[in-house]
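What the coordinates show
One letter stands for each residue in the lines below.
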Amino acid sequence: MFPEYKLVQKCLRQIEDDLGWGASSEWHNDMFVELSEQIQRSTQVLLSPTTLKRVWGRVNYQSAPSITTLNTLAQFAGFHNWRDFKNATTVKKPSWFSQKVNPNLGIIMLGASIMTLVFISLYSLKGSKNNMDAIDISKIGFTSRPITSGLPNSVVFDLELNGIQSDSIHIQQYWDPTKTIKLRLGQKQATGQYYFPGYFRAKLLVDGTVLKQHDLFIKTEGWLGTLDYNPIPKYVPEDSIRQGALSFSQSILEEITSNEQPFSTTFHRVNDFTPVSGDNFTLTTSIRNIYREKWAVCQNALIIILGTKSTLIVPFSIPGCVSEIGVMMSDVYISGKEHDLSGLGVDLSVTRDFKIEVRNKRLRVFLEDEQLFTGEYNESIGTIAGIRYRFLGAGEVSYTKLTDLSGNAVAIEDDFE
């Protein structure tokens, strides 16, 4: 344990209580991805899912968290920084008894845990096996349908729970555990709420086991702008952002400027496109940042490619802020804290022309003809389901074209005229 271990654990417990997602020991990978996105929206700092797993002890890692990580977690927990959290928190010093017992506590607890687990496992395996064996999966029904088009959107889940006798039946709405729905025996329908577009995977779980799952597509009608208030964004329809470029009106810009806290805005397009593989495509696009004052001085911008299985996130900032950015390539995360991402340090005060190319899971990013970044990943992101442009403050998109590598399949081409 590092010196501030107990303080870190207290901060993590406060975050867990605020989230209301249940025990962190039960969190799966998608929940850490969602937490990473929530932290970024709240603090404008990207802590990768891998970093979060390390802090929460889900990945074996011996070093103490960096001060940047601690500051970000403290801010997400409602404090100004890590020092502020420490000053507001009291951690009891270990007593003489605990100092004597703690060195042997691991051995004591290990023995007790093994005996407890043996009894619990034998009982649970017997009960669970009998319960699960009695379920005929072919007679279980689990489908869904959005109530409307556009956003926000409610989804109706239709259910047939024949043969299920458990008191632990839930719908997991893919990555968002706050929308986990508890079901009662014999329930025929349930509903869930969605505030952002995306490609999700809904799961029917009984006693923690996935019985059935299916994909759920929440689409946009053309382009959609959002002011990313938490937890409910403000929506700006296409006819109000399409004005020779994707851009917000003067009144919206004044609203953004008046906000005292770091604030992101996003342009989304999520829909059924001409099928293009997320592992073999080209995106050419022109963007600029149009609000660079106060907390938006770093000109942070993200281009996000949504796949049916995973996501690519390509960040930009001014050169002096590249330490705070990170590239996410499906299962691989490259942090500016640990790698030289200076190539992605670009002045976006003027319109810049970028090309993002992925060939056989190898990502390359270009500014005009200059290569800024290259990296590889392992797990496919699937077929492209959408694209997002996210700016700290506000930005503008004047051109976008998304095609397969041959150039024959064009998913999106728009100059917004």
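The following paragraphs examine the structure supplied in this document. (Residues numbered from 1 in each chain as written. Predicted model: local features only at pLDDT ≥ 70, side-chain atom pairs only at ≥ 80, totals over all residues. Heavy atoms only, no water.)

Things to note about the sheet that holds strand S10 (residues 264-270)
Taken together, eight strands build an open sheet; the order of strands is S9-S8-S10-S19-S12-S13-S14-S15 and the sheet is antiparallel. The strands lining the two open edges of the sheet, one partner per strand, are strand S9 (234-236) and strand S15 (332-335). Geometrically, the sheet is characterised by an average inter-axis angle of 20° between neighbouring strands, direction not taken into account. Pairing analysis gives seven bridges linking S10 to strand S19 (residues 384-392), with the strands arranged antiparallel. In the strand pairing of S19, His 268 is matched with Arg 388. (Pairing = 2+ DSSP bridges. Helix = DSSP H or I, 4+ residues; strand = E, 2+ residues; numbered from the N terminus. Axes fitted to C-alpha atoms, helices over the stretch in contact; angles between N-to-C directions.)

Comments concerning the sheet that holds strand S1 (residues 140-146)
Hydrogen bonding along the main chain pairs the strands of a sheet, whether they run parallel or antiparallel. A sheet is described by the order of its strands in space; here three strands give the open sequence S1-S2-S5, paired in antiparallel fashion. Lying at the two open borders of the sheet, with one neighbouring strand each, are S1 and strand S5 (189-194). Here the strands of the sheet are splayed against their neighbours by 20° on average, with no regard to which way each runs. By the bridge criterion, six bridges tie strand S2 (residues 153-161) to S5 in an arrangement that is antiparallel. By the bridge assignment for S5, Ser 154 is matched with Gln 193.

Notes on helix H1 (residues 5-19)
Spanning 15 residues, H1 covers 21 Å between terminal C-alpha atoms, matching the ideal 21 Å at 1.5 Å per step. Taken as a whole, H1 has its buried residues at Leu 7, Val 8, Cys 11, Leu 12, Ile 15, Glu 16 and Leu 19. Of the surrounding secondary structure, the elements contacted by the buried residues of H1 are helix H2 (29-43), helix H3 (49-55), helix H4 (67-76) and helix H5 (82-88). Backbone geometry just downstream of H1 places Gly 20 in the positive-phi region, at approximately 70°. (Expected span 1.5 Å × (residues − 1). Buried < 20%, exposed > 50% of the residue type's maximum accessible area, 1.4 Å probe, protein only. Contact = heavy atoms within 4.5 Å.)

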